[in-house]
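A closer look at the structure
Single-letter residue listing:
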Amino acid sequence: MPKSSPSVAKRPRHAPYDKTSSSTPSSIFKFNTHIGQHILKNPGIADTIVAKAILKPTDTVLEIGPGTGVLTTRILDQAKSVIAVELDPKMAAELTKRVQGTPKKDKLNIITGDFAKLNLSEVLPSFDVCISNTPYQISSIIVSKLLSLPRPPRICILMVQREFGLRLSARAGDSLYSRLSVNTQFFAKVSQIAKVGRNNFTPPPDVESLVVRLEPRPDRPQIAWEEWDGMLRICFSRKNKTLRASFGDFLDLCQRNWLTFTSLYPEKVSDEDRQFLQAALDADDSKPDIHQAVCGIPVSKTTLRLLMRSKVDHVLESTDLGEMRAARCEENDFLKLLLAFHQCGIYFA
C-alpha cells in the first residue's frame, strides 16, 4: 500500500495589520484587557484620528493611554509636544524606547499613573487638544474631567465604546438619552467621526468602537460641572419618573444643601422664608430642635420638611416641569430648573 504523505501544518491566517515579528509589542507583552489595553493596529484609522484633531504646530496635546505609541508618533509629527499619561509602566517603557534617539524624544513627556485619579490642574501642564484611544472603563471619568476644566482643550478626539459614543450624542426621547448625554452636550458640541470594528485592535475588544469629537462650547453658561451634574443626578435617578417624584425622593438632600447655603449666606435668606420659620415657631407648642437654627430662629425637623416641600413644589410649578420626565427634557429645561432652584437658595454641589 502506498504510504500516506506527511501532513503539512497549516500556517495561521493573520489579519491585514497583524505583525508577526518578534520585535512587536504583542510578542513582548501580555496585554491587560482589564485596564483597557486594546492596541489600535489599523494605520488608516490612526491617521484619521489625528487628522480630525486639526492640530497646529504650536499645540500641546494630551494623550490618555498611549500604549505602544501608534497615535503618539503621528501626533508628534504635527504638534509641538505630547503629554502622554500611561497607567502601565511596561507600556510607558516601550513608548520611551520607540522614540529613543529620535528628535521626537524631546517633544514627549510621559506621566506614569492613573488618569482617573490625577488632579489635572495640579499635575499636568496646560494643553490645547486631547486625543485618546480611551480605556473604556474610565470613559465617563475622562469626559467629565476634560469638560469640567476651567480651560478645557480646544478639541477632544476620543475612541470610545460604540454604545457610550451613541449616549454622548443621544437627544431627548432617545432610548440612550441619559445624564451623560445632557452633561456632555451642555458643555460641548458632539460629533461622530468614524465607526471602528473590533478587529482593528490587538487584542480585539468584545464590542465595536466609535471615534467622537468634543468641542467645548464658548458660549455656555458659567455653571460649574459639579453643580449641573449634581442636579441631573436627581433628575435621572429614574429618568422615566416625573421630576416631582424624583425630587420628592431627595428632599433630605435639598434640605441639607439649603441649610448649608443659609449658614454661609444668612443675608440671602428671603424675608418670606424668615417669616415662615418664625410663624411655625410661634405656632409650635412642642419644643423645637434647639441644635438647629436658621438666621437665629430655632426650627424643628417638621418645619424644615414643610418648608423644603413648599420650595420644591414652587420651583416645579413655576417652571411647568413638575409632570415632565427627565427622559423627555432638553438642556434648556434643565437649565431653567437649575436657575429656579438657585433663586430659592437650593444648590446641588
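Cut-offs and rules
- Residues numbered from 1 in each chain as written.
- Predicted model: local features only at pLDDT ≥ 70, side-chain atom pairs only at ≥ 80, totals over all residues.
- Heavy atoms only, no water.
- Helix = DSSP H or I, 4+ residues; strand = E, 2+ residues; numbered from the N terminus.
- Buried < 20%, exposed > 50% of the residue type's maximum accessible area, 1.4 Å probe, protein only.
- Contact = heavy atoms within 4.5 Å.
- Areas by Shrake-Rupley, 256 points an atom, 1.4 Å probe, with all protein chains shown as cover.
- Pairing = 2+ DSSP bridges.
- Axes fitted to C-alpha atoms, helices over the stretch in contact; angles between N-to-C directions.
- Expected span 1.5 Å × (residues − 1).
- Phe/Tyr/Trp six-rings, centres within 6.5 Å; stacked < 30°, edge-to-face > 60°.
- Lys NZ or Arg CZ within 6 Å of the ring centre and 35° of its normal.

1. A word on the overall build of the chain
Along its length, the chain carries 14 helices and 11 strands. Within the chain, the fraction of its 349 residues that count as buried is 48%. Considering only residue pairs separated by 6 or more positions, the chain has 70% of its internal contacts joining residues 24 or more positions apart. Total accessible area computed for the chain in this model is approximately 18,500 Å², and 50% of it derives from carbon and sulfur atoms.

2. Observations regarding the sheet that holds strand E5 (residues 129-133)
Read from one edge to the other, the open sheet built from 7 strands follows the order E4-E3-E2-E5-E6-E9-E7, with strand pairing classed as mixed. Bordering the open sheet on either side are strand E4 (108-112) and strand E7 (188-196), each of which pairs with just one other strand. Shown here is a sheet whose adjacent strand axes are inclined to one another by a mean of 20°, direction ignored. For E5 and strand E6 (residues 155-161), the ladder comprises 5 bridges, and the chain directions are parallel. Note that in E6 the partner of cysteine 130 across the bridge is cysteine 156. Sheet strands touched by helix H3 (residues 70-78): strand E2 (60-64), strand E3 (81-86), E4 and E5. Its angle to E2, the strand with the most contacts, is close to 175°.

3. Considering helix H11 (residues 251-264)
For H11, which comprises 14 residues, the first-to-last C-alpha distance of 20 Å matches the rise-based estimate of 20 Å (1.5 Å per residue) to within 8%. Inspection of H11 places Leu251, Cys254, Gln255, Asn257, Trp258, Leu259, Phe261 and Thr262 among the buried residues, and these make up the whole buried set. In this structure, the buried side of H11 is in contact with helix H10 (243-248), helix H12 (271-283), strand E10 (293-294) and helix H13 (301-318).

4. A word on the packing of aromatic side chains
Under the defined criterion, the tally for this structure stands at 10 aromatic pairs. With centroids separated by 5.0 Å and ring planes inclined at 40°, the aromatic side chains of phenylalanine 187 and tryptophan 225 adopt a geometry described as tilted. Of this pair, phenylalanine 187 sits in helix H8 (residues 179-187) while tryptophan 225 sits in helix H9 (residues 225-235), placing them 38 residues apart in sequence. One exposure class covers both phenylalanine 187 and tryptophan 225, and it is buried. For the pair phenylalanine 247 and phenylalanine 348, a centre-to-centre distance of 6.3 Å together with 65° between the ring planes defines the contact as edge-to-face. A residue pair is termed long-range when its members are at least 10 positions apart, and phenylalanine 247 in helix H10 and phenylalanine 348 in the segment after helix H14 (331-343) qualify at 101 residues. Judged on exposure class, the residue phenylalanine 247 and its partner phenylalanine 348 are both buried. Counting every residue linked through ring pairs, the aromatic cluster contains Phe186, Phe187, Trp225 and Trp228. Against the face of phenylalanine 115 rests lysine 145, its NZ or CZ located 6.0 Å from the ring centre. Directly above the ring of tyrosine 265 sits lysine 268, whose terminal nitrogen or CZ lies 4.7 Å from the centroid.

5. Examining the pairing of E5
The buried fraction of E5 amounts to 5 of the 5 residues, a majority that puts the element mostly inside the structure. Alternating positions in E5 separate into two faces, Val129, Ile131 and Asn133 on one and Cys130 and Ser132 on the other, with burial throughout. In this structure, E2 lies alongside E5, joined through 4 bridges in parallel fashion. By the bridge assignment, glutamate 63 is partnered in E5 with isoleucine 131.

6. A few points about the environment of phenylalanine 276
Structurally, the position occupied by phenylalanine 276 is in helix H12. C-alpha of phenylalanine 276 to C-alpha of leucine 306: the two residues are 30 residues apart in sequence and 9.9 Å apart in space. What phenylalanine 276 contacts, discounting residues up to four positions off in sequence, is Thr303, Leu306 and Leu307.

7. Quick look at the environment of arginine 305
Here arginine 305 lies in helix H13. Remark: the alpha-carbon pair of arginine 305 and cysteine 254, spanning 51 residues in sequence, is separated by 10.0 Å. Contacts of arginine 305, omitting those with residues within four sequence positions, involve Leu251, Asp252 and Gln255.

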